[in-house]
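A structural walkthrough
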Amino acid sequence: MRRLATLAFLAGAAALLAAVLWRSDEPEAHALHGHAAFAASYAAPDLAGDTVALADLRGEVVVVNLWATWCRPCVREMPSLQRLQDDLGDRGLRVLAVSVDRLPKARAAEEVGRFMEEIGVELEVLLDPEGRAERVFGSLGLPTTIVLDRDGALVYRRLGEGRWDVPPLRDRIVAALES
């Protein structure tokens, strides 16, 4: 009986690990269609200390990218998010790079801002050292990217690095902008 319980536990743990690590390049694999309420309450300070609230961004398609300076896949995908913002920003797209680096508040803006300068990315950065965004958006790892439609409803969520400025991910953003 004990052996059976151990095997069941190990099988469950393996399944959970596979689900967390699994990633597909197919956009539909992580598509979630849903509610705006969970995201509407999220707000965080930007590098200047001003609060940016998702509830105030209704009318725009918002890409929320959860990342950290130590996360290599996060850093690799940043230029594609910048190109996406540059290409589609005038059509109502807003990319928010939410840093979940666990830094003291007194140093966070300076350190994250300097890091963004070093990598040559000028995205709008929000600071979330408490990891509130990870809980709100159900992040299982970094990077996690959330796409909200103009009404603030979740239309897509992706765990893992993506090339946001080329199909199929760019197509998903364009579809949200056109709906």
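For the structure, check the block above.
In short, a report on the structure. Keep in mind that this is a model prediction, so the values were computed, not measured. (Residues numbered from 1 in each chain as written. Predicted model: local features only at pLDDT ≥ 70, side-chain atom pairs only at ≥ 80, totals over all residues. Heavy atoms only, no water.)

**Things to note about the sheet that holds strand S7 (residues 154-159)**
To keep it simple, the criterion reads: Any two strands between which DSSP finds at least two bridges are classified as paired. By the criteria applied, helices consist of DSSP H or I runs no shorter than four residues and strands consist of E runs no shorter than two, each listed in order from the N terminus. Fitting a line to C-alpha atoms yields each axis, with helices limited to the stretch in contact; the angle taken between N-to-C directions then spans 0 to 180 degrees.
With respect to topology, five strands assemble into an open sheet ordered S5-S4-S3-S6-S7, the strand pairing being mixed. Whereas interior strands pair on both sides, the edge strands pair on one side only; in this sheet they are strand S5 (124-127) and S7. For this sheet the average axis-to-axis angle between neighbouring strands, irrespective of direction, equals 20°. Where strand S3 (residues 61-67) meets strand S6 (residues 144-148), five bridges bridge the pair, whose relative direction is antiparallel.

**Points about unusual backbone geometry**
As a rule of thumb, non-glycine residues mostly have phi less than zero, and peptide bonds are mostly trans rather than cis. Following Leu142, the chain continues into Pro143 via a peptide bond in cis, with omega recorded as -10°. On the secondary structure map, Pro143 appears in the loop between helix H5 (132-136) and S6. The omega torsion of the bond from Pro167 to Pro168 falls at 5°, within 30 degrees of zero and hence cis. In this structure, Pro168 sits in the loop between S7 and helix H6 (169-178).

**Details of the pattern of salt bridges**
Our working rule: By salt bridge we mean one thing: a side-chain nitrogen of Lys or Arg within 4 Å of a carboxyl oxygen of Asp or Glu. Each residue gets one of three labels from its accessible area relative to the maximum for its type: buried under 20%, exposed over 50%, partly exposed in between, using a 1.4 Å probe on protein chains only.
The tally for this structure, following the rule as stated, stands at 11 salt bridges. Residue Glu161 pairs with Arg76 through a salt bridge whose shortest N-O separation is 2.9 Å. Of this pair, Glu161 sits in the loop between S7 and H6 while Arg76 sits in helix H3 (residues 72-88), and the two are 85 residues apart along the sequence. Taking relative accessible area as the criterion, Arg76 reaches 51% and is therefore assigned exposed.

**Quick look at empty space enclosed by the protein**
Rules: Only protein atoms enter the calculation, which uses a 1 Å grid: trapped sets of points that fit a 1.4 Å probe without letting it out are cavities, open sets showing protein on both sides within 12 Å along at least five of seven lines are pockets, and any residue with an atom within 4 Å of a point is a lining residue. Grid points are joined across faces, edges and corners, and a volume is the space filled by probe spheres set on the points. We call Asp, Glu, Lys and Arg charged. Ala, Val, Leu, Ile, Met, Phe, Trp, Tyr, Cys and Pro are nonpolar, and the rest, Gly among them, are polar.
A complete count under the given rule lists one cavity of 30 Å³ or more for this structure. Around the largest cavity sit Ala39, Ala40, Leu54, Ala55, Leu57, Arg58, Glu60, Val62, Leu148, Asp149 and Gly152, which together line it. For the lining of the largest cavity, the class distribution of residues is seven nonpolar, one polar and three charged.

**What to know about the packing of aromatic side chains**
Aromatic ring pairs are reported here in terms of the distance separating the ring centres and the angle at which the planes meet. Cut-off, in case you're wondering: Side-chain rings of Phe, Tyr and Trp, where Trp is taken by its six-membered ring, are said to pair if the distance between their centres is within 6.5 Å; with planes under 30 degrees apart they count as stacked, over 60 as edge-to-face, and otherwise as tilted.
Taken as a whole, this structure holds three aromatic pairs when the rule is applied. Between the aromatic rings of Trp67 and Phe115, the centroid separation amounts to 6.0 Å while the plane-to-plane angle is 25°, which identifies the pairing as stacked. You can see Trp67 sitting in strand S3 and its partner Phe115 sitting in helix H4 (residues 105-119), a full 48 residues away along the chain. The same class applies to Trp67 and to Phe115, which are both buried.

**A few points about the environment of Gly89**
Note on placement: Gly89 falls in the loop between H3 and strand S4 (93-99). Placed 29 residues apart in sequence, Gly89 and Glu60 show a C-alpha to C-alpha distance of 9.5 Å.

**Overview of the side chain of Thr69**
The criterion, for reference: Counted as a polar contact is a pair of N or O atoms within 3.5 Å, where, for protein atoms, one must be capable of donating a hydrogen and the other of accepting one, and residues adjacent in sequence contribute only when both atoms are in side chains. Residues are treated as being in contact if the distance between any of their heavy atoms lies within 4.5 Å.
By the element assignment, Thr69 lies in the loop between S3 and H3. Within the local environment of Thr69, its side chain forms a polar contact with the side chain of Asp101, the two groups lying 2.8 Å apart. Not counting the four nearest positions on each side in its chain, Thr69 is found in contact with Val75, Asp101 and Phe115.

**Examining the state of the cysteines**
Spelled out, the test is: Disulfides are defined as cysteine sulfur pairs within 2.5 Å.
Applying the stated criterion across every chain yields a total of one disulfide. Note that Cys71 is cross-linked by a disulfide to Cys74, the S-S spacing being 2.3 Å. The disulfide joining Cys71 to Cys74 has a torsion of about 75° about its S-S bond and is therefore right-handed. Pair check on accessibility: Cys71 and Cys74 agree, each one buried.

**Concerning H3**
Test applied: A helix is expected to span 1.5 Å for every residue after the first. Throughout, bend refers to the angle between the axes fitted to the seven residues that end at a position and the seven residues that start at it.
Compared with the 24 Å implied by 1.5 Å per residue over 17 residues, the 25 Å span of H3 between its first and last C-alpha is a close match. Its maximal kink placed at Met78, H3 deviates by approximately 30°, while the proline Pro79 follows within four residues. As for H3, its buried residues are in contact with S3, S4, H4, S6 and H6.

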